[in-house]
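# Structural characterization, general
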Protein chains: 2
Amino acid sequence: MQQLQDLDELVASIKDDLTSGAAEIALRAIVVLQGVLDASANLPPERLKDKLAEVCAALVSCQPAMAPVFQLCNKVLLAVRAVNSSVEIVEVGSKSLSDFEGHLCTSAETIANRALEYIPYGELVFAYSFSSTVLSALLHARSCGKVFRVVCTESRPSMEGRKLATLLSDGGIEVVHTFDTALALVLSECAVAFMGADVIGKPGLVNKVGSYPLACICKELGIPLFSLAGTEKFVTEERLMEFEKHERPGAEVWDEAPPGVQVLNLQFELVPFSMISGLITEDGMLQQSDIDRYLANQQVHEALRV
Amino acid sequence: MQQLQDLDELVASIKDDLTSGAAEIALRAIVVLQGVLDASANLPPERLKDKLAEVCAALVSCQPAMAPVFQLCNKVLLAVRAVNSSVEIVEVGSKSLSDFEGHLCTSAETIANRALEYIPYGELVFAYSFSSTVLSALLHARSCGKVFRVVCTESRPSMEGRKLATLLSDGGIEVVHTFDTALALVLSECAVAFMGADVIGKPGLVNKVGSYPLACICKELGIPLFSLAGTEKFVTEERLMEFEKHERPGAEVWDEAPPGVQVLNLQFELVPFSMISGLITEDGMLQQSDIDRYLANQQVHEALRV
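Residues numbered from 1 in each chain as written. Chains lettered and ligands numbered in written order. Predicted model: local features only at pLDDT ≥ 70, side-chain atom pairs only at ≥ 80, totals over all residues. Heavy atoms only, no water.

## Some remarks on the overall build of chain A
Looking only at helices and strands, chain A has 11 helices and 11 strands in total. Expected size for 306 residues packed as a compact globule is a radius of gyration near 19 Å; at 20 Å, chain A falls within 12% of this value. A principal-axis box enclosing the C-alpha atoms of chain A has dimensions of 60 × 50 × 35 Å. Of all 306 residues assigned to chain A, the portion counted as buried reaches 58%. Once local pairs closer than 6 in sequence are excluded, the contacts in chain A between residues at least 24 apart make up 79%. In chain A, 24 positive and 40 negative side-chain charges are present, and the distance between their average locations comes to 3 Å. (Helix = DSSP H or I, 4+ residues; strand = E, 2+ residues; numbered from the N terminus. Rg over C-alpha atoms; globule rule 2.2 N^0.38 Å. Buried < 20%, exposed > 50% of the residue type's maximum accessible area, 1.4 Å probe, protein only. Contact = heavy atoms within 4.5 Å. Lys, Arg positive; Asp, Glu negative; His and termini not counted. Charge placed at Lys NZ, Arg CZ, Asp CG, Glu CD.)

Rendered as structure tokens:
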């Protein structure tokens, strides 16, 4: 049981991870789920399935805006449903986890290749918040010999923009960094802008708060804005709206606010498809109307239904 | 000389004041200039005029985006030009200072009265950055019995939004506060938005960085945005563009940035007239085309020419 308590702590650490993108958090969830399988292999099969379902439900509800965490958990739970021994559950579950990890990595590579043509040589490129997909696309372009500079902003309150700036700089890309209110000042000098997405559905793309202002200014200034995201981000409208549940304590924003001041700490917001120039996925540039095709035969495990 | 050195320190403290609006900084400049007149009354007239011109030039160049500081200094220098004794310089200069202070106060009162009809009963009202003119208009509306809530954001990097939140709350107004990237999320709930302005000219209004994103989102969401500002903010295009000189050290934004990351710290930006719904001054709602009329006969003292 000691090991399982540690896993509960791991769920809590994923809940408090506000600087990673959705794909990165899904990779962390894979480690948690592999840990559950390894630590619970001696449980009877039904108890093992219940334990897995319980951890999956906890992971999905602690990061309700992160579609890849939902897809990962759903795939694992559906995969182990058909098998009956604990050994098989561990085997099938582990394969499902590593398949998903493989998909995420291949998908990021394909997207990086597809994004290459939109990264102009010698220009300033804007990147918002922290998306491992955007980071890998920019590093890939640099490794292909493209020279460009990246502009990014802090992304209050979690400041994951500093993480992006540091990793880009480590990767040999020159970075210009400023605070979020200077978004329009720096965007006006950029040739193109990129963002990731945490979850995508018919109403639009949900991403870190600040993505709507980014889209709005890009639209006004005529700067193309692309979202780079794998199709594992596609979910139903009902699942998409779960992102609104992600509210953090106001004290993280202002811990000594006067009593008459209510402090809001909302982390995600919706950007309609009409506000971006394109969504670049591993399957190419996709539209709002393509989403249904990906969801057509999707089964959702009962532990994860909204 | 001891007293004059203290005044130099006062100039430095005005340079580092990043949380006050333009009218408020002009009031602080009045204190500095009165100090110069009082401390230098024993100087020969020409040296007293030179001293005054030197301090005025230092004040204007330390806050190049603050039109009222320029207007104040220009008025004082032009007023003392015609008199020849040190006693008269102190007398005429002091009168000029107190006249300007009186104008600022009357102007803020008139603007508060004019703004009243744009503050809707029972609604959420957005206010950006810190403008003493906007603050006084909101407090005035509250004292007239209007009940409404104000939403404001931090306004990184100087966080003067917290100062606004605190003063509104002290004045009995309920406040909702959040970080700057959540601007669109909160604006979508607001009926109207207000900002101040530090300097206004034919190209537009210069205000704290973040004002352009505010205007852009208000335009997209169809929320009226008014700038409240006295006509002492009106300047020539050449003077207006001086605001671009106000650059602060990058270390104030990120003191441990990696070597490959260039950190920008620009404090002001331009918002074209076409991006706001109206400019409310002490002389009523004015247009871009009205500016020339105010500048027609304006003389600029040689110590303050661009």
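## Brief notes about the side chain of serine 155 of chain B
Its location among the elements puts serine 155 of chain B in the loop between β2 (149-153) and α7 (160-170). By relative accessible area, serine 155 of chain B is classed as buried at 0%. The contacts of serine 155 of chain B, once residues within four sequence positions are left out, are Thr181 of chain A together with Tyr128, Ser129, Glu160, Gly161, Asp180 and Lys208 of chain B.

## Topic: the sheet that holds strand β11 (residues 284-286) of chain A
Strand order in the open sheet made by the 8 strands is β11(A)-β10(A)-β7(A)-β4(A)-β1(A)-β2(A)-β3(A)-β8(B), with mixed pairing throughout. On the outer flanks of this sheet lie β11 of chain A together with β8 (261-263) of chain B, each paired with one strand and no other. Ignoring strand direction, the axes of neighbouring strands in this sheet form an average angle of 30°. Strand contacts of helix α9 (residues 211-221) of chain A: β1 (124-127), β4 (192-195) and β7 (225-228) of chain A, with the helix running at about 160° to β4 of chain A, the strand carrying the most contacts. (Pairing = 2+ DSSP bridges. Axes fitted to C-alpha atoms, helices over the stretch in contact; angles between N-to-C directions.)

## Here we look at the packing of aromatic side chains
Residue and element names in this part refer to chain A. Applying the stated criterion across every chain, the model contains 6 aromatic pairs over all chains. Relative to phenylalanine 226, the ring of tyrosine 118 lies with its centre 4.6 Å away and its plane at 45°, an arrangement referred to as tilted. Taken as a pair, tyrosine 118 in the loop between α5 (86-115) and β1 and phenylalanine 226 in strand β7 lie far apart in primary sequence, 108 residues in all. Classification of tyrosine 118 by relative accessible area gives partly exposed; the value is 26%. When the centroid spacing of 5.1 Å and the interplanar angle of 85° are considered together, the rings of phenylalanine 234 and tyrosine 294 count as edge-to-face. Remark: tyrosine 294 occurs in helix α11 (residues 291-295) and phenylalanine 234 occurs in the loop between β7 and α10 (237-240); sequence separation between them is 60 residues. (Phe/Tyr/Trp six-rings, centres within 6.5 Å; stacked < 30°, edge-to-face > 60°.)

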